[in-house]
Amino acid sequence: MNITEMVNCICPIAVDAGDAIMKIYEESKDIVYEKKDDDSPLTVADKASNDIICQALQKLAFDYPIISEENKSIDFSTRSQFKRYWLVDPLDGTKEFIKRNGEFTVNIALVEENHVIGGVVYAPALEKLFWAFKNEGAYLKDKNGTTRLEGISFSSTDESLKVICSRSHMNTETTDFVNQLNDPELVSKGSSLKFLELAQGVAHLYPRVAPTMEWDTAAAQIVLEEAGGKVVQFGTDSKVVYNKENLLNPYFVAYADKNVLIK
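Keep in mind that this is a model prediction, so the values were computed, not measured. (Residues numbered from 1 in each chain as written. Predicted model: local features only at pLDDT ≥ 70, side-chain atom pairs only at ≥ 80, totals over all residues. Heavy atoms only, no water.)

**Examining the overall build of the protein**
Counting its secondary structure elements, the protein contains 7 helices and 14 strands. Scaling as 2.2 N^0.38, a compact globule of 263 residues should have a C-alpha radius of gyration of about 18 Å, and the protein matches this with 17 Å. For the protein, the C-alpha atoms occupy an extent of roughly 50 × 40 × 40 Å along the three principal directions. When burial is assessed residue by residue, the protein has 52% of its 263 residues classed as buried. Contacts in the protein between residues far apart in sequence, at least 24 positions, make up 62% of those at least 6 positions apart. Total accessible area on the protein stands at roughly 12,200 Å², and carbon and sulfur atoms take up 44% of it. (Helix = DSSP H or I, 4+ residues; strand = E, 2+ residues; numbered from the N terminus. Rg over C-alpha atoms; globule rule 2.2 N^0.38 Å. Buried < 20%, exposed > 50% of the residue type's maximum accessible area, 1.4 Å probe, protein only. Contact = heavy atoms within 4.5 Å. Areas by Shrake-Rupley, 256 points an atom, 1.4 Å probe, with all protein chains shown as cover.)

Rendered as structure tokens:
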């Protein structure tokens, strides 16, 4: 599989799923949701998007297993044998969807031996489609056409670095990290769009010292990496990897510039 196949096969699946989400988003005055076991919300849009993505992926010539947020109960003894598989978050930012702020995404990643090698992220309310494949660049298609993405170069000592994190959810570790910086500007953004702000060169850092799952980050991680950034475990230079026994991510920091490291 290469970037042409990614664009031709996977991008339309993400857009179809996004269209289904938007139909519900636009027709529902109040978003009805239920609570999952982890207390996170689940809407009919999550389910509709998941069905569209999984059914479409199963029809492709590429016969890869699927791990999705909404059907994730595959035992590690089985999935540890996967050489390649799809990792799907059918609606990342369900809380944003419920709030109607438009900051939610459809995420489809291709993982090979613990590393993401391809990914598509679609933000349907924003009509922005992102994709990347390992060593072949990262791209954005929107109303202005298709552009190749490039993160922004910076130094850890620069003034007014834009840091993506929520003022209302600042824990001690995040505060300590931010306090190392020179008069940073805190920026809020929902879902996997946090990574894509870095990939588009409009923000510099995204420290995440709070729980995320593998499907939350995979597709956007490869887009950021192919735009010249990186995602490493918090306090280290170790890359965030996938298909662990526990699908919970380690805490991490995403950078728009792969040459910067702040511990």
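**Points about the pairing of strand β9 (residues 145-148)**
Bridge analysis of strand β8 (residues 138-142) against β9 gives 4 bridges, and the strand direction is antiparallel. Within β9, the position partnered with Asp142 by the bridge is Gly145. Between the antiparallel neighbours β8 and β9 lie 2 residues. (Pairing = 2+ DSSP bridges.)

**Observations regarding the sheet that holds β8**
Judged by pairing direction, the sheet is mixed, and its 7 strands sit side by side in the order β3-β4-β5-β6-β7-β8-β9 without closing on themselves. In this open sheet, the two edge strands, each paired with only one partner strand, are β3 (66-68) and β9. Recorded for the sheet is a direction-independent mean angle of 15 degrees between the axes of neighbouring strands. Direction of pairing for strand β5 (residues 105-112) relative to strand β6 (residues 115-123): antiparallel, over a ladder of 7 bridges. When the bridges of β6 are listed, Leu110 appears paired with Gly118. Against the sheet, helix α2 (residues 44-58) touches β3, β4 (84-92) and β5, its axis set at about 155 degrees to β4. Docked against the sheet, helix α7 (residues 214-226) engages β4, β5, β6, β7 (128-133) and β8, running at close to 100 degrees with respect to β6. (Axes fitted to C-alpha atoms, helices over the stretch in contact; angles between N-to-C directions.)

**Here's the deal with helix α1 (residues 3-27)**
Between its first and last C-alpha atoms α1 spans 35 Å; for 25 residues at 1.5 Å apiece the expected length is 36 Å, and the two agree. If you look at α1, its biggest bend is around 35 degrees, right at Ile10, and the proline Pro12 turns up within four residues after that. For α1, the N-terminal cap is Asn2; the gap from its side-chain oxygen to the backbone nitrogen of Thr4 is 3.0 Å. (Expected span 1.5 Å × (residues − 1). Bend = angle between axes of the 7 residues up to and from the residue. Polar contact = N/O pair within 3.5 Å; in protein donor to acceptor, adjacent residues only side chain to side chain.)

**Observations regarding the nonpolar core**
Leu87, Leu205 and Tyr255 are the most contacted members of the largest nonpolar core, which has 52 residues in total. Here this core gets 7 residues from one element, more than from any other, and that element is α7. In this structure, Leu205 is in contact with Phe154, Leu161, Lys162, Val163, Ile164, Phe177, Leu181, Leu198, Val253, Ala254, Tyr255 and Ile262, ignoring residues within four places of it in sequence. Ranked by size, the runner-up nonpolar core spans 33 residues in total, among them Cys11, Ile13, Met22 and Phe62. (Core = buried A, V, L, I, M, F, W, Y, C linked by side-chain atoms within 4.5 Å.)

**Some words on the pattern of salt bridges**
Think of it this way: side chains of opposite charge can pair up when their charged atoms draw near. One pass over the structure, following the stated rule, counts 5 salt bridges. A salt bridge links Glu27 to Lys23; the nearest nitrogen and oxygen atoms lie 3.3 Å apart. Taken as a pair, Glu27 and Lys23 lie in helix α1 at a separation of 4 residues, close to a single helical turn. Overall, Lys23 belongs to the partly exposed group, its relative accessible area being 48%. For Glu225, the salt bridge identified is with Lys239, shortest N-O distance 3.7 Å. Taken together, the residues Glu225 in helix α7 and Lys239 in the loop between β13 (230-233) and β14 (252-255) connect sequence positions 14 residues apart. The buried category is assigned to Glu225, whose relative accessible area is 17%. (Salt bridge = Lys/Arg side-chain N within 4 Å of Asp/Glu carboxyl O.)

All quantities given are derived from atomic positions and should not be read as evidence of function.
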